[in-house]
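Chain by chain, the residues run as shown.
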Amino acid sequence: MEDYTKFKLKRKEELDAVLAGKDNLFVIACNKCFKELDSFDEPECGLFEEIAKEQGKNIVGSARIDFLCNEPLTAKSFQGLIPQETENVFVISCGLGIQTMAAMAEIPVYAASDSVIVDGYHGMALTTTLCEACGQCYLNMTGGICPVVDCSKSLLNGQCGGAKNGKCEVDKEMDCGWQLIYERLEKQGRLQELLDKPVELRDYSKVNHKFISEYVKSVREERFEGYYGGIHPTEFKELSEHIAVVPFPDPVNVVIPMSQHAGAPAEPIVKVGDQVKMGQKIAQAAGFISSAIHASVSGTVVAVEPRLHPISGLDSLAIVIQSDGKNTLDESVKPAGDLDKLSADEIIEIVREKGVVGMGGAGFPTAVKLKSPKPIELVLLNGCECEPILTADHQVLLAYADEVIYGLKAMMKASGAPKGVIAIEDNKLDAVELLQAKTADIENIEIVVAKTKYPQGAEKMLIKRVMGKQVPSGGLPMDVGAIVCNVSTAKAVSDAIQLGMPLVERVVTVSGNRMNKPGNYLVKIGTSVKDIVNHCGDVKGDDVTVKIGGPMMGFAQANLNVPMLKCSNGIIAVETIVKEAVECIKCGRCADVCPMELRPLYFTKYALSEDWEGMKTQNTMDCIECGCCEYICSSKIPIVERIKIGKTAIREGK
Amino acid sequence: MLITQLKSKETIEALAQGKTVIINCHGCKEVYFAEHEADELQKDLNGVTQIITTDYICNPDNLKLQLQKHTDVINAADTILVFSCGVGVQTVAAQFESKKVYSCCDTYPLPGFQGVTPLNVDCGQCGECYLNGTGGICPITACSKSLLNGQCGGAKEGMCEVDKEMECGWERIYRKLEKLNKLDNMKYDAPKVRNYHNPNAEEPII
């Protein structure tokens, strides 16, 4: 692979002159971009340090920083990096890194290197095909061969006549670009077209710096909007966003796994042959971080046995109930009374008893969140639904706005939070309007409209956007006085209090451009994914991946005989992605988009070399597995998979 | 790092002749790709037999892999329209030498050439970094005239005479040096002459 060296150390004589009269140096080298990631230890600092030492200079320290020109990340690495006694900073980097550094440091910054021009511009994959970014693509008349780059004279109207045996007269090792163009067009039978084309004049003013700088400004704003990084995948929400929620036809059998939440699996309290009613508790929480589970239909328990689990992909204990089709309600399903009359502890107890867990994906028991040991100032309801394709939360906001607001009030009361916020992305303006109207006269509840960006719905991103606070590394939202819950969870809390109904059904989006009949359904927990897919007209084509959840963080299912869980917000059918991982080329995009401000490129190497210490140094455990890095990776590396390997190893104490 | 802008609708409509396959590259979408405008435009085109949206088509191996399952429809097509930067168009054209491959975008350079984060600073890759005497502000890119030996004298209230919305680079340099207590830098340096002969990129020292 080509190594795009962008800078080289200045000549010794020049460095000697710059060094004269300067002492107590700190040396910063950029770890370089666009080169194969083969070592983390480049010798850049060494050579310069030798020259400086020859001159008897005191070097107070040195550092290597990745992507020095990435201002926000560099600022973080730079904090407290330079010892007090430093008088001068020398930077080995391209001009961008040096300028970034110079803008940041309070003391003089000097360049120890020169930037070297890279011939033309290249794509992300470091191909040898070049594009000069002239702003007026000529490829349409030249059969896809660039006359600006491939002709040494950048002629636009045919060959100069100087070529000999197809070789350029300027550079005898270079093919004549216009001969290549001629041959390509001859092959395509387009020579007449070439002869007929009018004379071209290159418009050098087309690369308009004002346009570009304005453009750059707008992109910068978007990138740092609310929080660092993030991406904008194509949404595909139009497939189901206007389809109102309808109840899914009652299933004949439900398979209810004991593990539908973060923490210990629940313990069954029914046995085969038992008659159960809808809403009856069939399994109890097995510890503090665990959750009770209830029957979603009335009928007979026909099995208590391991069944395939959609998230772990393994068999795990489940209760199978054959429905009697009557949905007879359990006696325990009755309203808890007026919210004003319930104490905080009573609300938490109801939420715990009714098996309410986070419905956004992770399934963290809501009662545990509400019983925070730290003071809570804000309950933040997450109605962002930043995952593409999914529209379930959107529909919940539209169809159950009153319940969501009631749930929020209940959670505020339970946690003692004086304020509540419902955050909604600006691609759901109908929901924003509705909620704004409904909360207009509620003083301590605010609707925050967030500009669409993935992964907005991740709790740490949402807190940063709404509260401007950073959850500390390894910390929880409560460390900054916040509780973040999904809007569906708020609706479940409302149902638990107002109806006494435990969490036995949820709104699910069935969509994706390979699903025949997309829709939003109110689905009973334990309903078979296969039945739902069949009901929605099955999938289109044979190169289809079915996922539970969204396209970014959902779980791909090879076998559709799995049940829907409390935290399953969607079933999507999308085109199967084919990819082959190649070497990392340090394009830096993963670091650009990582909302946790990590450097995912390291994880790709460390996972393979089993360097768990390195994983820890690069804060692997802070990764929220949003998949932005993998989405953007120009080398198609399965980064999240490798991060999970590292996390597992660290959790196992390696 | 590149950004793209769609060619005019008329130009693109004229290019779509016969059976047309469209290839969209979303690899640099986070930098810039007019996704929605391109979508709208493609809806109105005649004779489109397939729209393929993928990423990083500048990588020939990846391009081949992504197009594999569309081989038949591409073989049957008369025209391939590519919505990508110039690198992507040329990679497609090289892969389908006998097909008419057309570019639907113009490509512009983007300041900074690392990753996606667009920068406020620019580097002219001149090959002889002048930042040492200028407090880390580049006279090549921050001065509209790329002057190396001080201000031209045309600035008014700190703004450049060429572009009134641009700050005078040399005034910025002066202020920075003043702050660093290094104004002597400007006084005693011998006049600099820019050496347009760049060091050879193929022989890096480091």
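Residues numbered from 1 in each chain as written. Chains lettered and ligands numbered in written order. Predicted model: local features only at pLDDT ≥ 70, side-chain atom pairs only at ≥ 80, totals over all residues.

1. A few points about the overall build of chain B
Then comes step 1: The secondary structure content of chain B amounts to nine helices and six strands.
Then comes step 2: Expressed as a percentage of its 206 residues, the buried residues of chain B come to 45%.
Then comes step 3: Taking contacts inside chain B between residues at least 6 apart in sequence as the whole, the part at least 24 apart equals 60%. (Helix = DSSP H or I, 4+ residues; strand = E, 2+ residues; numbered from the N terminus. Buried ≥ 20, exposed ≤ 12 C-beta atoms within 10 Å, placed from the backbone. Contact = placed C-beta atoms within 7 Å.)

2. Examining the overall build of chain A
Then comes step 1: When helices and strands are counted, chain A shows 21 helices and 23 strands.
Then comes step 2: In terms of overall dimensions, chain A has a C-alpha envelope of 95 × 70 × 50 Å along the principal axes.

3. Regarding the interface of chain B and chain A
Then comes step 1: Tallying the contact residues gives 67 residues for chain B and 73 residues for chain A.
Then comes step 2: Looking at the side of chain B that touches chain A, the elements that each hand over two or more residues are β1 (2-6), α2 (29-32), α4 (60-67), α6 (86-95), β5 (100-103) and β6 (105-109) of chain B.
Then comes step 3: With nine residues, the top contributor of residues to the side of chain B that touches chain A is α6(B).
Then comes step 4: Residues that form the side of chain B that touches chain A fall into these classes: 39 nonpolar, 20 polar and eight charged. (Nonpolar A, V, L, I, M, F, W, Y, C, P; charged D, E, K, R; others polar.)

4. Some details on helix α18 (residues 600-609) of chain A
Residue and element names in this part refer to chain A.
Then comes step 1: With seven of ten residues buried, α18 lies mostly within the body of the structure.
Then comes step 2: Those residues of α18 that fall on the buried side of the exposure criterion are P600, L601, Y602, F603, T604, Y606 and A607.
Then comes step 3: Those residues of α18 that are buried are in contact with α17 (589-593), α19 (612-617), α20 (628-632) and α21 (639-651).
Then comes step 4: Directly beyond the C-terminal end of α18, a positive phi value near 50° is found at E610.

5. Thoughts on unusual backbone geometry
Then comes step 1: Here the residue pair Y454(A) and P455(A) is connected by a cis peptide bond, since its omega of 0° sits within 30 degrees of zero.
Then comes step 2: Position of P455(A) among the secondary structure elements: in the loop between β17 (445-450) and α14 (459-467).
Then comes step 3: The backbone of Y56(B) shows a phi angle near 45°, a positive value even though the residue is not glycine.
Then comes step 4: The residue Y56(B) is located in the loop between β3 (48-54) and α4 in this model.
Then comes step 5: Residue S146(B) is not a glycine yet carries a positive backbone phi of 50°.
Then comes step 6: Residue position: S146(B) is located in the loop between α7 (139-142) and α8 (169-179).

6. Re the packing of helix α12 (residues 401-415) of chain A against helix α13 (residues 429-439) of chain A
All names here are of chain A.
Then comes step 1: At a minimum axis distance of 10 Å, the contact between α12 and α13 shows a crossing angle of 55°. Considered as vectors, α12 and α13 are oriented oblique to each other. When the axes of α12 and α13 are compared, the crossing they make is right-handed. Contact residues: α12 offers A401, D402 and I405, while α13 offers L434, L435, K438 and T439.
Then comes step 2: Of the residues that constitute the contact of α12 with α13, the class distribution is four nonpolar, one polar and two charged. (Axes fitted to C-alpha atoms, helices over the stretch in contact; angles between N-to-C directions. Parallel < 35°, antiparallel > 145°, perpendicular 65-115°, else oblique. Left-handed = near helix turned anticlockwise from the far one by under 90°.)

7. Details of the sheet that holds β17(A)
Sheets are built from strands paired through backbone hydrogen bonds, the pairs being either parallel or antiparallel.
Residue and element names in this part refer to chain A.
Then comes step 1: The strand order β17-β16-β15-β18 describes an open sheet built from four strands, whose pairing is parallel. Lying at the two open borders of the sheet, with one neighbouring strand each, are β17 and β18 (482-486). Along the sheet, successive strands turn relative to each other by an average axial angle of 25°, direction set aside.
Then comes step 2: In terms of strand pairing, strand β15 (residues 378-383) meets β18 through five bridges, oriented parallel. Following the sheet pairing, L381 is matched in β18 by C485.
Then comes step 3: Set on the sheet, α12 makes contact with β15, β16 (419-425), β17 and β18; between it and β15 the angle comes to about 150°.
Then comes step 4: Helix α15 (residues 487-498) rests against β15 and β18 of the sheet, and its axis sits at about 85° to β18. (Pairing = 2+ DSSP bridges.)

8. What about the sheet that holds strand β13 (residues 299-308) of chain A?
Residue and element names in this part refer to chain A.
Then comes step 1: Ordered by their spatial adjacency, four strands build an open sheet running β8-β14-β13-β10, and the pairing between neighbours is antiparallel. The outermost strands of the open sheet, each flanked by one partner alone, are β8 (253-257) and β10 (275-276).
Then comes step 2: Here β8 runs beside strand β14 (residues 315-323); their pairing, made up of five bridges, is antiparallel. Residue pairing in the sheet places P257 in a bridge with A318 of β14.

9. Thoughts on α13(A)
Because each turn of an α-helix spans 3.6 residues, side chains separated by three or four positions end up pointing in the same direction.
Residues and elements named next belong to chain A.
Then comes step 1: Along α13, the positions that sit buried rather than exposed are A431, V432 and L435. Looking straight down α13, one finds that the buried residues subtend no more than 100° of arc, so they occupy a single side. Opposite its buried face, α13 presents the exposed residues L429, E433 and A437, each directed more than 90 degrees away.
Then comes step 2: Tucked into the core, α13 has its buried residues touching β15, α11 (392-399), α12, β16 and β17. (Arc of directions from axis to C-beta.)

10. Quick look at the confidence of the model for chain A
Then comes step 1: Considering every residue of chain A, the mean pLDDT works out to 91; 96% of them sit at 70 or more.
Then comes step 2: Ranking the elements of chain A by mean pLDDT puts helix α8 (residues 209-224) of chain A last, at 78, and strand β20 (residues 519-524) of chain A first, at 97. (pLDDT = per-residue confidence, 0-100.)

11. Some thoughts on the domain arrangement of chain B
Then comes step 1: Parsing chain B into structural domains produces domain 1 (2-109) and domain 2 (131-188).
Then comes step 2: Taking only C-alpha atoms, the centre of domain 1 of chain B and the centre of domain 2 of chain B are 43 Å apart. (Domains from an automatic or database assignment.)

12. Observations concerning the packing of helix α9 (residues 344-353) of chain A against α15(A)
Residues and elements named next belong to chain A.
Then comes step 1: Here α9 crosses α15 at 105°, and the two axes come no closer than 9 Å. One way to sum up the angle between α9 and α15 is to call them roughly perpendicular. When α9 is examined against α15, the residues I347, I350 and V351 are found in contact with a partner set consisting of V493, A496 and I497.
Then comes step 2: Here the residues of the contact of α9 with α15 are counted per class, giving six nonpolar, no polar and no charged.

13. Some thoughts on the nonpolar core
Residue and element names in this part refer to chain A.
Then comes step 1: By size, the foremost hydrophobic cluster in this structure holds 184 residues, and its most contacted members are V91, V379, L380, L381, L408, M411 and I483.
Then comes step 2: Of the residues forming this core, the biggest block, seven residues, is contributed by α12.
Then comes step 3: In contact with V91, not counting residues within four places along its chain, are I28, G97, I98, M101, V109, A111 and A112. (Core = buried A, V, L, I, M, F, W, Y, C linked by C-beta atoms within 7 Å.)

14. A short note on the domain arrangement of chain A
Then comes step 1: Partitioning chain A into domains gives domain 1 (7-115), domain 2 (140-204), domain 3 (246-332 + 504-575), domain 4 (339-498) and domain 5 (589-651).
Then comes step 2: Each of domain 1 of chain A and domain 3 of chain A has a C-alpha centre, and the two are 57 Å apart.

15. As for the environment of V466(A)
All names here are of chain A.
Then comes step 1: Tracing the backbone shows V466 in helix α14.
Then comes step 2: In sequence terms V466 and A450 are 16 residues apart; their C-alpha atoms lie 8.5 Å from each other.
Then comes step 3: Once residues lying within four places of it in the same chain are set aside, the contact partners of V466 are L380, V421, A423 and V448.

16. Things to note about the environment of E630(A)
Residues and elements named next belong to chain A.
Then comes step 1: Its location among the elements puts E630 in helix α20.
Then comes step 2: On the basis of neighbour counts, which here come to 22 C-beta atoms within 10 Å, the residue E630 falls in the buried class.
Then comes step 3: With sequence-adjacent residues up to four places away left out, E630 is seen in contact with P638, I639 and V640.

17. Overview of the confidence of the model for chain B
All names here are of chain B.
Then comes step 1: For chain B, the mean per-residue pLDDT works out to 84, and 89% of the residues sit at or above 70.
Then comes step 2: Every residue in residues 199-206 is under pLDDT 50, and counting partners more than four places away or in other chains gives 18 contacts.
Then comes step 3: As a predicted assembly, this complex carries a pTM of 0.87 together with an ipTM value of 0.83.

18. Observations regarding the environment of V255(A)
Residue and element names in this part refer to chain A.
Then comes step 1: Summarising the element assignment, V255 is placed in strand β8.
Then comes step 2: For V255 and A303, which are 48 residues apart along the polypeptide, the C-alpha to C-alpha distance reads 9.0 Å.
Then comes step 3: Excluding residues within four positions of it along the chain, V255 makes contact with R307, A318, V320, G526 and P563.

19. Regarding the pairing of β20(A)
Residue and element names in this part refer to chain A.
Then comes step 1: The buried fraction of β20 is high, at five of six residues.
Then comes step 2: With two bridges joining them, strand β7 (residues 246-247) and β20 adopt parallel strand pairing. Bridging across to β20, V246 finds its partner in Y521.

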